[in-house]
Amino acid sequence: MKKEFIFLGPPACGKGTQTDKLAAFLNLPHIDTGSLLRNEIAKKTEEGLIAKSHIDKGQLVPIDLVASIIEKKLASDECKNGYVLDGYPRSLEQAEKLDIINANIDINSNVDFKAIYFEIDTQILIDRIINRQSCPVCGEIYNKKYKPSKFENLCDKCNVALKTRDDDTEEIAKKRFETYYEQTAPLVDFYKDKNVLYRIDANGTIEEVWTRLLDVINL
Ligand code: AP5
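Below, the structure is looked at part by part. (Residues numbered from 1 in each chain as written. Predicted model: local features only at pLDDT ≥ 70, side-chain atom pairs only at ≥ 80, totals over all residues. Heavy atoms only, no water.)

1. Observations regarding the overall build of the protein chain
Item 1. The secondary structure content of the protein chain amounts to nine helices and seven strands.
Item 2. Along the longest, intermediate and shortest principal axes, the C-alpha atoms of the protein chain span 50 × 40 × 35 Å.
Item 3. Within the protein chain, buried positions represent 47% of all 219 residues.
Item 4. Counting contacts in the protein chain only where the partners sit at least 6 residues apart, residues at least 24 apart contribute 68% of the total.
Item 5. Accessible surface for the protein chain amounts to roughly 11600 Å². Of this, 50% is attributable to carbon and sulfur atoms.
Item 6. The positive charge centre, built from 31 side chains, and the negative charge centre, built from 36, are 3 Å apart in the protein chain. (Helix = DSSP H or I, 4+ residues; strand = E, 2+ residues; numbered from the N terminus. Buried < 20%, exposed > 50% of the residue type's maximum accessible area, 1.4 Å probe, protein only. Contact = heavy atoms within 4.5 Å. Areas by Shrake-Rupley, 256 points an atom, 1.4 Å probe, with all protein chains shown as cover. Lys, Arg positive; Asp, Glu negative; His and termini not counted. Charge placed at Lys NZ, Arg CZ, Asp CG, Glu CD.)

2. Focus: the packing of aromatic side chains
Item 1. Per the counting criterion, the structure on display carries five aromatic pairs.
Item 2. Arranged with centres 5.9 Å apart and planes meeting at 85°, the rings of Phe7 and Phe118 form a pair that is edge-to-face. Of the two residues, Phe7 is situated in strand β1 (residues 2-8) and Phe118 in strand β4 (residues 111-119); the sequence distance between them amounts to 111 residues. Per residue, the accessibility class of Phe7 equals that of Phe118, and both read buried. (Phe/Tyr/Trp six-rings, centres within 6.5 Å; stacked < 30°, edge-to-face > 60°.)

3. Quick word on the pairing of β1
Item 1. For β1, the tally of buried residues reaches six of seven residues, placing the bulk of the element in the interior.
Item 2. When β1 meets β4, the two strands line up parallel, connected through seven bridges. Within the sheet, the bridge partner assigned to Phe5 lies in β4 and is Lys114.
Item 3. When β1 meets strand β3 (residues 82-86), the two strands line up parallel, connected through five bridges. When the sheet's bridge partners are listed, Lys3 is paired in β3 with Gly82. (Pairing = 2+ DSSP bridges.)

4. Considering the site of the ligand
Item 1. Looking at the ligand, there are 32 residues lining it, with Thr17, Gln59, Arg90, Arg132 and Arg176 nearest.
Item 2. Taking Arg90, its side chain carries an N or O atom lying 2.5 Å from an oxygen atom of the ligand.
Item 3. For the ligand, an oxygen atom lies 2.6 Å from a polar atom in the side chain of Arg176.
Item 4. Contact with the protein chains hides 96% of the accessible area of the ligand, taken as 1000 Å² for the molecule alone.
Item 5. Broken down by secondary-structure element, the contributors of at least two residues to the shell around the ligand are α1 (15-26), α2 (33-42) and β6 (141-143).
Item 6. Ranked by the residues each element gives to the shell around the ligand, the list is headed by α2, at four residues. (Near = heavy atom within 4 Å. Polar contact = N/O pair within 3.5 Å; in protein donor to acceptor, adjacent residues only side chain to side chain.)

5. With respect to the pattern of salt bridges
Item 1. The tally for this structure, following the rule as stated, stands at 21 salt bridges.
Item 2. We note a salt bridge from Arg176 to Asp168, for which the minimum N-O separation is 3.0 Å.
Item 3. Judged by its relative accessible area of 11%, Arg176 is buried.
Item 4. Judged by relative accessible area, Asp168 falls into the buried class, the value being 5%.
Item 5. A network of salt bridges, in which partner residues are shared, links Arg132, Arg165, Asp167, Asp168 and Arg176. (Salt bridge = Lys/Arg side-chain N within 4 Å of Asp/Glu carboxyl O.)

Structure below.
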């Protein structure tokens, strides 16, 4: 059975942290649209320049740009046993697009599709955002307060200097929350109506959330 997971939840609710663990645990590819877009920005491609102009304002990047990246990935051999998709879809239009992509690629497959929604008290999220760091080489996510690296500002695995995301300022984070509630939050009902929505209490430590996530995926 092919396993397909998508994740919903506000910025910094822990999607990246948990989806990275889940993909390794299930031996499935972790497809994270935020990181894919930041790679394009780092390479200074045309797509990257367009993406940056939206990410810096806390807005969604235009649908066609993201859909073309996602469509190629999901149709690739890497995803033949399924995927852990983090950061897509983020609007009703993107969710409808994902339905079309999946209908095309899964024509001969039995699929177990789950939309996992991280429910969380939002007042703690700004604190997580302004303390986030990540490794520019392996992508490991750290937090100065909640998941510090062993040696300050150095990745535990790669020993290179950790980076702070350009959109992890308090000002841009507030815009990202507005965008989330306007455009992404309605997807909770979209997937509930399809009977594929699984809610997780995303409050608590990384390990507590991981245990809850494993309970849900083993359903
Ligand atoms: P993206 O990179 O996807 O950002 P996001 O959705 O805002 O999510 P975050 O990465 O901020 O948070 P997260 O939930 O992954 O939390 P994390 O695990 O890192 O997207 C960035 C931008 O790209 C968007 O604003 C948009 O412009 C664009 N974009 C992306 N996808 C798009 C799409 N489909 N369409 C259009 N535009 C798109 O955790 C956060 C911090 O908290 C970390 O420091 C972590 O260590 C810590 N932490 C995690 N869990 C816990 C815990 N349980 N307790 C304490 N600390 C924790």
